[in-house]
Amino acid sequence: MIKSGSNSFAFSAELDSGLLNDLYEGDLEYAEVVFKDFLKYLPDYFAEIEVAYKGKHITELRKAVHKCKTLMGFVGLSGIQAAYQALEKKCEQSKEIDELEADYKDLKKQTESGKKIIITELDRLKDFNGTKK
Amino acid sequence: MKIKSIIVEDIPVAADFLRKFCERSGKVDVLGHFLNVEDALGFLNQHVVDLIFLDVEMPGATGFDLLDRISYSPKVILTTSKTEYAFDAFQYNVADYLKKPFTYQRFLESIQKIEGTNEISAAKVDQDHLFIKVDTKLIKLQNTDILFVESMGDYVKFVTPSKKYVTLNTIKNLEEKLDKATFLKVHRSYLVNLTKIDDLDGNILLIQGNQVPISKGHRDEVLKRLNII
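Quick caveat: nothing in here was measured; it's all calculated off a predicted structure. (Residues numbered from 1 in each chain as written. Chains lettered and ligands numbered in written order. Predicted model: local features only at pLDDT ≥ 70, side-chain atom pairs only at ≥ 80, totals over all residues. Heavy atoms only, no water.)

The subject of this paragraph is the interface of chain A and chain B. Listed per partner, the contact involves 26 residues of chain A and 20 residues of chain B. Both sides together, the interface formed by chain A and chain B hides about 2000 Å², and carbon and sulfur atoms give 60% of it. Taken together, chain A and chain B are joined by three salt bridges. The tally of links between chain A and chain B comes to five residue pairs in polar contact (both at pLDDT 80 or more). Going through the elements one at a time, helix 1 (17-24), helix 2 (28-54), helix 3 (58-73) and helix 4 (78-93) of chain A are the ones with two or more residues in the side of chain A that touches chain B. Counting residues per element, the side of chain A that touches chain B draws most heavily on helix 3 of chain A, at eight residues. (Contact = heavy atoms within 4.5 Å. Buried area = accessible area lost by both parts, 1.4 Å probe. Salt bridge = Lys/Arg side-chain N within 4 Å of Asp/Glu carboxyl O. Polar contact = N/O pair within 3.5 Å; in protein donor to acceptor, adjacent residues only side chain to side chain. Helix = DSSP H or I, 4+ residues; strand = E, 2+ residues; numbered from the N terminus.)

Time to look at the confidence of the model for chain B. Residue and element names in this part refer to chain B. Per-residue confidence for chain B gives a mean pLDDT of 87, with 95% of residues at or over 70. Across residues 119-126, confidence stays below pLDDT 50; counting only partners more than four residues off in sequence or on other chains, it has one contact. On the interface metric, ipTM, the complex scores 0.90, and its pTM is 0.69. (pLDDT = per-residue confidence, 0-100.)

Residue and element names in this part refer to chain B. Here five strands make up an open sheet; going across it, the order is 10-9-8-12-11 and the pairing antiparallel. Of all the strands in the sheet, just strand 10 (164-168) and strand 11 (183-187) have a single pairing partner and so form its edges. On average, adjacent strands in this sheet sit at an angle of 25 degrees to one another, irrespective of strand direction. Here strand 11 runs beside strand 12 (residues 190-193); their pairing, made up of four bridges, is antiparallel. Across the sheet, the residue bridging to H187 is Y190, located in strand 12. (Pairing = 2+ DSSP bridges. Axes fitted to C-alpha atoms, helices over the stretch in contact; angles between N-to-C directions.)

Rendered as structure tokens:
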């Protein structure tokens, strides 16, 4: 359902608002659902990355990174998505997990800050949609 | 008539997005959503769909594995966040390639492509023969004369009891046009006329002195379609 009068909501500058406007076309109720789902799935998806990294399984790490990368796109975390993309690529080229340590740690940090951005944005969406309890 | 589809996608957020687009379009029914290839194949072995929205990277087998193992050829729209699969997509003759996340407008363009190709194939169903172009001539082949068809890169070879004809075409394309009750893909490179099979020896079909291999992915479907008692 396209919400009328939705023009008064602007996605945060920390997010790729151009992409989000194109994706949701003003359907901010659905955006709220997706942002909520993002926060629901992210811990499990990132846990897969951690397990693969700690287990030194580069192929599994690449797959887990790929999955998380996809999720980032739906909430406009395009910058972080690009970092995921870069690590995914490095996984394809690396033979030793140690080569990926710096990227992994950086990604973990970026993911945490991305999560905070989405928590704040979800709050804003709830306020706007009138669904905040 | 609505396009009957399934979604094969391991990321629920992406699948929900797609399902919403399908509903909004009013053109596409989603008969099911599957998180992996095995579950999707289980469904596809029992149901015929017009279209598969197919992710490539999933737990276990990939989307391309599904295309190797499916026994008929619905239209396929690849949905992936990795652009590197474009070449494979071309090889598998997929109808379109959507990079996630994609907009509703881009989704509609894909569906319009599918609608266009459906009209073309609909005009060719229920025919008991086909014409193939060999050199400058159009040659009429009755379905009942065709023993099997073999892929030769950009060409295919039609094998009949008396002659072989080579023409520009693909197995994928022919699979859509030939009668599905009579012809079955038994290997990425072979379509056989089920009524012409003489023997099955291991993974080899014997058809009037010709040997046609069955791939592992197609073996179950071949056995199912043969009248084994």
